[in-house]
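# Topology and contacts: notes
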Amino acid sequence: MDVRRRNNVVVTGPEDGPVLVLAHGFGCDQNMWRLVLPALARRHRVVLFDYVGSGRSEPTAWSEERYSSLAGYAQDVVDVCEELDLRDVAFVGHSVSAMVGVLAAQAAPERFGALVMVAPSPCYIDSDGYRGGFSAEDIDELLASLESNYLGWSAAMAPVIMGNPDRPELGEELTGSFCATDPEMARIFARTTFLSDSRGDLDGVSVPTLVLECAHDAIAPREVGAYVHDRIPGSVLVTLEATGHCPQLSAPQATAAAILRFLEHPR
Amino acid sequence: MCRTEEDPEPREPDGAKDGDRTTDAAFSALLEDSVEELYESAPCGYLSTLMDGTIAKINSTLLEWLGTDRETVVARKRFADLLTVGGRLYHETHFAPLLRMQGRITGVALEMRTGDGGRLPVLVSSVVKHSGDGEPLLIRTTVFDASARRSYEQELLRRQREAEEARRQAEEARRQAEADRARLTEALAALQRSLLPAELPVVPGLETAVHYHTASPDRLGGDFYDLFPLDGKRWAFFLGDVSGKGPRAAAVTSLTRYTLRTAALHDADPAGALGTLNTVLHERYTGDDPRYCTAIFGVLEPDRDTGEVTVRLASGGHPPALVTRADGTAHFLPTPGGLLVGVLPDPHFVTATTVLAPGDTLLLYTDGLTEARTGPDRTDLYGDEALHAFATRLAGPPPGGLVQALTALLDSLGDGVDDDTALLALGVPARPGAM
């Protein structure tokens with residue numbers, strides 16, 4: 001299948017600009033990057049995509065087997081890089097995608113030049129000596145929460161997306177697909193995300209890396225940011241004075257500025 | 001209903017006329033609520049937060065539901081802090097991003113934590129208030145108690161899962177049944193192949209043709225035939241019909257075939273071979289499940305010098321063989337009075353002999369042919385006479401032609417052929433130019 005269509009690949013920014021690949025996390029799609037896109041695409045060639053199973057990706061390309069491990073999502077990233085023949089990619093991954101980027105750089109090291117991990121967490125569940133922030137029961141609760149929302153998902157979401165008088169810039173093209181995913185695929189993505197433990201992969205990161213965390217993040221607490229920074233040799237840790245798990249939405253200017261500053265002087 | 005407009009002050013109902021002072025006064029009395037009173041005691045929770053979620057204002061209804069007080073939450077907690085952990089994860093990954101992107105979000109199911117450690121299922125809607133120049137200022141949120149609705153949804157969800165599980169099981173059962181059926185069909189085909197020769201052997205100076213049709217849907221027939229060498233000079237053949245149809249009949253067919261083959265190798269006397277079969281069937285199928293068959297067993301002895309073939313055969317209760325001659329005539333080879341094979345302990349089998357000259361053909365058949373229905377019921381059967389007339393009309397057909405013509409005849413009878421049918425034709429090819 002055509003990878004561009006499969007992953008709803010969108011490319012923007014100057015053709016000869018250095019390449020930035022922006023990867024969304026669990027819960028939404030490439031629209032997560034909207035508020036930082038103008039700043040990032042001024043001088044960079046920006047590649048956006050949706051993981052299979054999210055956003056406007058091709059649902060027939062989804063299989064439970066492939067997308068039940070982060071390696072499956074990493075393969076999507078590698079596929080996109082190969083399809084567009086991208087080199088020296090600066091990969092910006094939000095949330096679980098930060099770890100997907102680590103795995104993709106392991107699988108195809110020749111294509112990646114830098115890594116930006118936005119609100120990363122290599123392991124969400126507490127275990128001896130490690131604090132991820134959640135227990136296994138908490139994750140079950142999230143899955144239940146997902147299910148109860150999908151009961152009325154389309155009914156609840158469609159009017160929201162259609163009528164949006166306050167933010168006309170979001171435009172009509174979002175209608176019907178904004179962050180809406182198939183419940184089964186979302187459930188698998190949630191399980192894969194929150195039950196993953198990629199702590200062992202951090203040591204293998206060899207490209208310049210920025211760890212971008214929020215000061216108040218309910219999903220990736222600061223201990224986790226410090227842990228990631230500590231485990232990746234030579235990484236840069238930047239803490240944004242932002243609340244929530246999505247600084248690209250809650251603090252877009254600061255987020256874009258931190259990313260661009262790092263890309264200018266990666267080490 | 002909860003309103004989130006700037007000014008929730010109720011207006012006078014349209015129906016109140018100036019002249020209707022009494023009604024108007026009654027309304028005023030009922031609507032003495034201040035705006036503040038409406039906000040605090042509304043039948044839903046109200047909540048205003050800063051953009052980072054910090055609670056700035058909360059109404060009494062929601063405080064009561066959560067079993068907490070204003071001092072504990074205002075300026076101290078964020079909206080997400082009021083949620084269960086699962087709800088908080090959902091809030092961070094779905095609710096907050098969508099609200100940021102769209103400026104509003106409606107009817108999202110979440111669970112809030114109550115002071116006594118319980119959970120309150122709620123439906124939450126939020127809208128972002130923007131400043132005049134479009135900067136987001138604060139988030140207004142309404143919270144509805146969804147306990148009843150949630151249990152209804154849980155029930156729906158449970159039923160949906162049950163239905164999906166039932167569908168999955170049914171699909172699995174169907175797949176299993178199909179696999180079983182395929183395996184059974186294959187087993188039956190293998191069994192069926194063991195009952196009949198894959199193809200007839202080549203007999204020098206003899207032309208052969210067969211037709212075989214099973215009436216039962218499992219394709220296991222009760223008719224059987226065979227042709228096989230005895231000692232390099234002679235050949236044995238048989239054709240018969242066991243009682244019944246289907247798998248049980250097939251078991252008898254199998255026993256019959258291998259008994260006759262073995263008997264013939266031991267003693268090539270036709271009546272003797274049938275006698276051995278009789279002993280075996282009679283011994284094997286006694287009591288509740290008597291099984292028997294009719295059969296013609298014969299030995300062919302070609303004469304290399306003349307090209308003629310001597311046929312010596314014996315019949316156990318089977319319809320007589322038909323001989324068509326090169327001169328166009330046809331006649332039955334009578335074997336009257338022969339007993340069914342397997343019924344009596346010591347039966348007598350009738351023997352007959354004929355010589356097939358070039359152009360002559362010997363036809364063996366089962367009653368599937370002669371007892372095929374030609375009318376709507378069993379009062380009109382094809383019969384011996386019709387067969388004789390049919391063969392006569394063909395005027396000395398070669399075996400292939402005879403079997404082909406009879407097969408076409410059977411096809412034309414359609415549903416009338418309701419029993420297994422076997423045809424075996426053995427003939428000496430006509431001399432070139434003899435016809």
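It should be noted that the structure appears before, not after, this text.
Per chain, residues are indexed from 1 in the order of the written sequence. Lettering for chains starts from A, numbering for ligands starts from 1, and both go in the order in which the items are written. It should be noted that, the model being predicted, local features are given only for residues of pLDDT at least 70 and side-chain atom pairs only at 80 or more, the latter also being counted only at that level, while totals for whole chains, interfaces and linings use all residues. Excluded from the side-chain calculation are hydrogens and water; included are all heavy atoms of the structure.

## Quick look at the overall build of chain B
The helix and strand tally for chain B stands at eleven helices and 15 strands. Out of the 435 residues in chain B, the part that is buried amounts to 44%. Contacts are residue-level and defined by heavy atoms, with any inter-residue pair within 4.5 Å sufficient. When contacts within chain B are restricted to residue pairs at least 6 apart in sequence, those whose partners lie at least 24 apart make up 61%. Strands here mean DSSP runs of E at least two residues long; helices mean DSSP runs of H or I at least four residues long; both are numbered from the N terminus. In this scheme, a residue with accessible area under 20% of its type's maximum is buried, one over 50% is exposed, and one in between is partly exposed, where area comes from a 1.4 Å probe on protein chains only.

## With respect to the overall build of chain A
A tally of helices and strands in chain A yields ten helices and seven strands. Relative to all contacts within chain A whose residues are 6 or more apart in sequence, the contacts with residues 24 or more apart total 78%. Per-residue and other accessible areas follow the Shrake-Rupley method at a 1.4 Å probe size, with only the shown protein chains counted as cover for residues. Counting every atom, chain A has about 10,400 Å² of accessible surface; 50% of that belongs to carbon and sulfur.

## Overview of the pattern of salt bridges
Residues and elements named next belong to chain B. Any Lys or Arg side-chain nitrogen located within 4 Å of an Asp or Glu carboxyl oxygen qualifies as a salt bridge. Under the criterion given, the structure shown has 29 salt bridges over all chains. With a shortest N-O distance of 3.0 Å, Asp 226 and Arg 257 are connected by a salt bridge. In this pair, Asp 226 is assigned in strand β7 (residues 223-229) and Arg 257 in helix α7 (residues 246-266), connecting sequence segments 31 residues apart. In this pair, the class of Asp 226 matches that of Arg 257, namely buried. Through salt bridges with shared partners, one network takes in Glu 171, Glu 172, Arg 174, Arg 175 and Glu 178.

## Some points on a nonpolar patch on the surface
On the surface, a nonpolar cluster with roughly 370 Å² of combined accessible area is contributed by B:Tyr292, B:Leu339, B:Leu340, B:Val343 and B:Leu344. Relative to the helices and strands, B:Val343 resides in the loop between β12 (330-333) and β13 (350-356). Residues enter a patch when their relative accessible area is above 30% and they make no salt bridge; the linking distance is 9 Å between like charges and 5 Å between nonpolar side chains (Val, Leu, Ile, Met, Phe, Trp, Tyr).

## So, the nonpolar core
The set of buried Ala, Val, Leu, Ile, Met, Phe, Trp, Tyr and Cys residues whose side-chain atoms join them within 4.5 Å is what this entry labels a nonpolar core. By size, the foremost hydrophobic cluster in this structure holds 84 residues, and its most contacted members are A:Tyr51, A:Val77, A:Phe91, A:Phe112, A:Met117, B:Leu110 and B:Met112. Here this core takes eight residues from helix α4 (residues 96-107) of chain A, the largest share from any one element. Sequence-distant contacts of A:Phe112, defined by excluding residues within four places in its chain, comprise A:Val77, A:Cys81, A:Val89, A:Phe91, A:Ala104, A:Ala105 and A:Val207. Among the nonpolar cores identified, the runner-up in size contains 29 residues, and B:Leu200, B:Trp235, B:Phe237 and B:Leu424 belong to it.

## A few points about the packing of α7(B) against helix α8 (residues 270-284) of chain B
All names here are of chain B. Axis lines are fitted through C-alpha atoms, for helices just across the contact stretch, and the angle between N-to-C directions can take any value from 0 to 180 degrees. Following both chains from N to C, one finds α7 and α8 inclined at 145 degrees, their axes separated by 9 Å at the closest point. Two packed elements cross with a definite hand, and for α7 against α8 that hand is right-handed. Of the residues in α8, those touching α7 at Val 252, Leu 255, Thr 256, Thr 259, Leu 260 and Ala 263 are Ala 273, Leu 274, Thr 276, Leu 277, Val 280, Leu 281 and Arg 284. Under the grouping applied here, Gly and all other residues not named as nonpolar or charged are polar, the nonpolar ones being Ala, Val, Leu, Ile, Met, Phe, Trp, Tyr, Cys and Pro and the charged ones Asp, Glu, Lys and Arg. Classifying every residue of the contact of α7 with α8 gives nine nonpolar, three polar and one charged. Crossings are sorted by hand: turned counterclockwise from the far helix by less than a right angle, the near helix makes the crossing left-handed, and turned clockwise it makes it right-handed.

## Description of the environment of A:Leu22
All names here are of chain A. Turning to its location among the elements, Leu 22 is positioned in strand β2 (residues 19-23). On the basis of relative accessible area, Leu 22 is assigned to the buried category, the value being 0%. Sequence spacing of Leu 22 and Leu 48 is 26 residues, and the spatial spacing of their C-alpha atoms is 5.4 Å. What Leu 22 contacts, discounting residues up to four positions off in sequence, is Trp 33, Leu 37, Leu 40, Val 46, Val 47, Leu 48, Phe 49 and Val 92.

## Considering the sheet that holds strand β6 (residues 209-216) of chain A
Residues and elements named next belong to chain A. Two strands form a pair only when DSSP identifies at least two bridges running between them. An order of β1-β3-β2-β4-β5-β6-β7 is seen for the seven strands of this open sheet, with the pairing classed as mixed. With partners counted over all chains shown, the strands left at the sheet margins are β1 (10-12) and β7 (236-243), one partner each. In this sheet, neighbouring strand axes are inclined to one another by 20 degrees on average, regardless of whether the strands run parallel or antiparallel. One ladder, built from four bridges, connects strand β5 (residues 112-118) with β6; its direction is parallel. Across the sheet, residue Leu 115 finds its bridge partner in β6, namely Thr 209. Its contacts with the sheet place helix α3 (residues 70-83) against β3 (45-49), β4 (89-94) and β5, and it is angled at close to 135 degrees to β3. Relative to β6, helix α10 (residues 252-264) is tilted by about 155 degrees, and along the sheet it contacts β2, β4, β5, β6 and β7.

## Remarks on the packing of aromatic side chains
Residue and element names in this part refer to chain B. When two rings of Phe, Tyr or Trp (its six-membered ring) have centres within 6.5 Å they constitute a pair, described as stacked for plane angles under 30 degrees, edge-to-face for angles over 60, and tilted for the intermediate range. Tallied over the full model, the rule gives 16 aromatic pairs over all chains. A ring pair is formed by Phe 79 and Phe 95, whose centres lie 6.3 Å apart and whose planes are at 45 degrees; its orientation type is tilted. With Phe 79 in the loop between α4 (70-73) and α5 (85-102) and Phe 95 in helix α5, this pair connects stretches of sequence that are 16 residues apart. We note that Phe 79, like Phe 95, is buried. Ring geometry for Tyr 212 against Tyr 225: centres 6.1 Å apart, planes inclined by 55 degrees, an arrangement best described as tilted. Pair noted here: Tyr 212 is in strand β6 (residues 207-213) and Tyr 225 is in strand β7, with a separation of 13 residues, a long-range link.

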